[in-house]
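# Coordinates in review
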Amino acid sequence: MPELPELTVYALNLRPRVAGKIIADVDPHHPRVFRRIAPEDFAVRVKGCAIKDVVRRGKSLGFPLDSGDRIDVHLMLAGEMYYAPREARMAPPEPCLTLTFQDGSRLTFSDPHYNIHRPQEPKLWVGINLKERLGLDPLDPAFTPDALASLCRKHKLLPIKALLMDQKLIGGLGNAYVDELLWMAGVKPRRVASLMTPEEVTAVHRAVGELMDEALGRTRKGLAGEIRGEVRDYFRVHHRGGKACPRCGARIAHEYLRDRTTNWCPTCQV
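First, a word on scope: everything that follows refers to the structure included in this document.

### A short note on the nonpolar core
Where a protein is soluble and globular, its nonpolar side chains tend to be buried together. Grouped together as the largest cluster of nonpolar side chains are 38 residues, with contacts concentrated most on Phe42, Phe63 and Ile71. The contacts of Phe42, once residues within four sequence positions are left out, are Val26, Phe34, Ile37, Ile71, Leu97, Leu99, Val126, Gly127 and Ile128. One finds Cys152, Leu169, Ala207 and Leu211 within the second-largest nonpolar core, a separate group that totals 34 residues.

### Topic: the packing of helix α3 (residues 145-154) against helix α6 (residues 198-223)
At a closest axis distance of 9 Å, the pairing of α3 and α6 adopts a crossing angle of 120°. Here α3 is positioned oblique relative to α6, judged by the angle of their axes. With respect to the hand of their crossing, α3 and α6 are arranged in right-handed fashion. Across the interface between the two elements, Pro145, Leu148 and Ala149 of α3 pack against Val201, Val204 and His205 of α6.

### Quick word on unusual backbone geometry
In this structure, Glu87 is a non-glycine residue whose phi angle is positive, near 70°. Classification of Glu87 as exposed rests on a relative accessible area of 70%.

### Observations concerning the packing of aromatic side chains
Under the counting rule described, the total for this entry stands at four aromatic pairs. Relative to Phe109, the ring of Phe63 lies with its centre 6.0 Å away and its plane at 85°, an arrangement referred to as edge-to-face. Taken together, the residues span a long stretch of sequence, with Phe63 in strand β3 (residues 60-64) and Phe109 in strand β7 (residues 106-110) at a distance of 46 residues. Its relative accessible area of 1% is what places Phe109 among the buried residues. Seen in terms of ring centroids, Tyr234 and Phe235 are 5.2 Å apart; in terms of plane orientation they differ by 85°. Their pairing is edge-to-face. Taking the relative accessible area as the measure of exposure, Tyr234 reaches 8% and is therefore buried. Overall, Phe235 belongs to the buried group, its relative accessible area being 8%. Pairwise contacts between aromatic rings join Tyr177, Tyr234 and Phe235 into one cluster. Directly above the ring of Trp183 sits Arg247, whose terminal nitrogen or CZ lies 4.1 Å from the centroid.

### Things to note about the sheet that holds β7
Sheet architecture is open: four strands sit in the order β1-β6-β7-β5, paired in antiparallel fashion. Sheet topology places β1 (23-28) and β5 (80-84) at the edges, where each strand pairs with a single neighbour. Between one strand and the next, the sheet's axes are offset by a mean angle of 15°, whatever the strand orientation. Sheet topology places β1 next to strand β6 (residues 95-101); five bridges connect them, and they run antiparallel. Each bridged residue has a counterpart across the sheet, and for Ile23 the counterpart in β6 is Phe101. Where helix α1 (residues 4-18) meets the sheet, it contacts β5, β6 and β7, and its direction lies at approximately 25° from that of β5. The sheet contacts of helix α2 (residues 39-46) involve β1 and β6, and relative to β1 the element is tilted by about 165°.

### Comments concerning the state of the cysteines
When the sulfur atoms of two cysteines share a covalent bond, that bond is a disulfide. Summed over the entire model, instances satisfying the criterion amount to zero disulfides. Looking at the unpaired Cys248, the closest cysteine sulfur is the one in Cys265, lying at 3.4 Å.

### Some points on the side chain of His238
Considering the arrangement of structural elements, one finds His238 in the loop between α6 and β9 (253-257). Overall, the relative accessible area of 9% leaves His238 in the buried class. Apart from the residues within four sequence positions on either side, His238 is in contact with Asn175, Ala176, Asp179, Glu180 and Asn263.

### Brief notes about the pattern of salt bridges
Under the definition given, this model contains 15 salt bridges. A salt bridge links Lys21 to Asp103; its shortest N-O distance comes to 3.0 Å. Of this pair, Lys21 sits in the loop between α1 and β1 while Asp103 sits in the loop between β6 and β7, placing them 82 residues apart in sequence. What makes Lys21 buried here is its relative accessible area of 17%. For Asp103, a relative accessible area of 37% corresponds to the partly exposed category. As a salt-bridge pair, Arg190 and Glu255 come within 2.7 Å of each other at their nearest N and O atoms. One end of the pair, Arg190, is in the loop between α5 (175-185) and α6; the other, Glu255, is in strand β9, and 65 residues separate them in sequence. Residue classification places Arg190 among the partly exposed residues on the basis of a relative accessible area of 43%.

How each quantity is defined
- Residues numbered from 1 in each chain as written.
- Predicted model: local features only at pLDDT ≥ 70, side-chain atom pairs only at ≥ 80, totals over all residues.
- Heavy atoms only, no water.
- Core = buried A, V, L, I, M, F, W, Y, C linked by side-chain atoms within 4.5 Å.
- Buried < 20%, exposed > 50% of the residue type's maximum accessible area, 1.4 Å probe, protein only.
- Contact = heavy atoms within 4.5 Å.
- Axes fitted to C-alpha atoms, helices over the stretch in contact; angles between N-to-C directions.
- Helix = DSSP H or I, 4+ residues; strand = E, 2+ residues; numbered from the N terminus.
- Parallel < 35°, antiparallel > 145°, perpendicular 65-115°, else oblique.
- Left-handed = near helix turned anticlockwise from the far one by under 90°.
- Phe/Tyr/Trp six-rings, centres within 6.5 Å; stacked < 30°, edge-to-face > 60°.
- Lys NZ or Arg CZ within 6 Å of the ring centre and 35° of its normal.
- Pairing = 2+ DSSP bridges.
- Disulfide = S-S within 2.5 Å.
- Salt bridge = Lys/Arg side-chain N within 4 Å of Asp/Glu carboxyl O.

This is the structure in structure tokens:
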């Protein structure tokens, strides 16, 4: 699932392609892609409007329009975006929605999980002005060690991994990067957030900053102008269950925490 680094770079790479362009047509390949709005109402709201910008909002993308509305898109597990200049051929796998601009270029949102053979998988969705409650952004200067410590104190029973992944508390982090940053901080995922020491909180906060800096740099380099895909071949623990910890050599654990795959080192995360 795309998280903060990927979505930040997606917005950066997509912005020069679509900012300022006027939406001429809307093709809903999968009407179920729309959240809280009918396909025909969506088309009425966005046709003739110009996209002003592309921004990341937590773990979703926002496309502010000159009408004052905003198109919100959550790529979920496997959603991707495909941009095609005028007259260029494009055949995205399982397209969900295509926006055609006045200059003939197109932006298609695609998600193979809309395939009828996978009806239960989480799927990409699109909405207008969705009022999601978003927590502190890890890239915001307001995300300080004190702010993180305050969140930990307020949520007495939450494991630190669950706290970091709660989009209403901290917006943008997901399962993959939280596994990585907790390994960097040396803190086990099930550590009760409210019982963490000031040193542990500081270590987690520092790991968030260091990992986001590293991930943004690697993602910018790996995508290099692309607006889809992930660059995570540098991960040390996530999806590496049973392999050697690169820090201590112990076997990386694989378990489920609140129904999410979790990888961590039982030796150097305490």
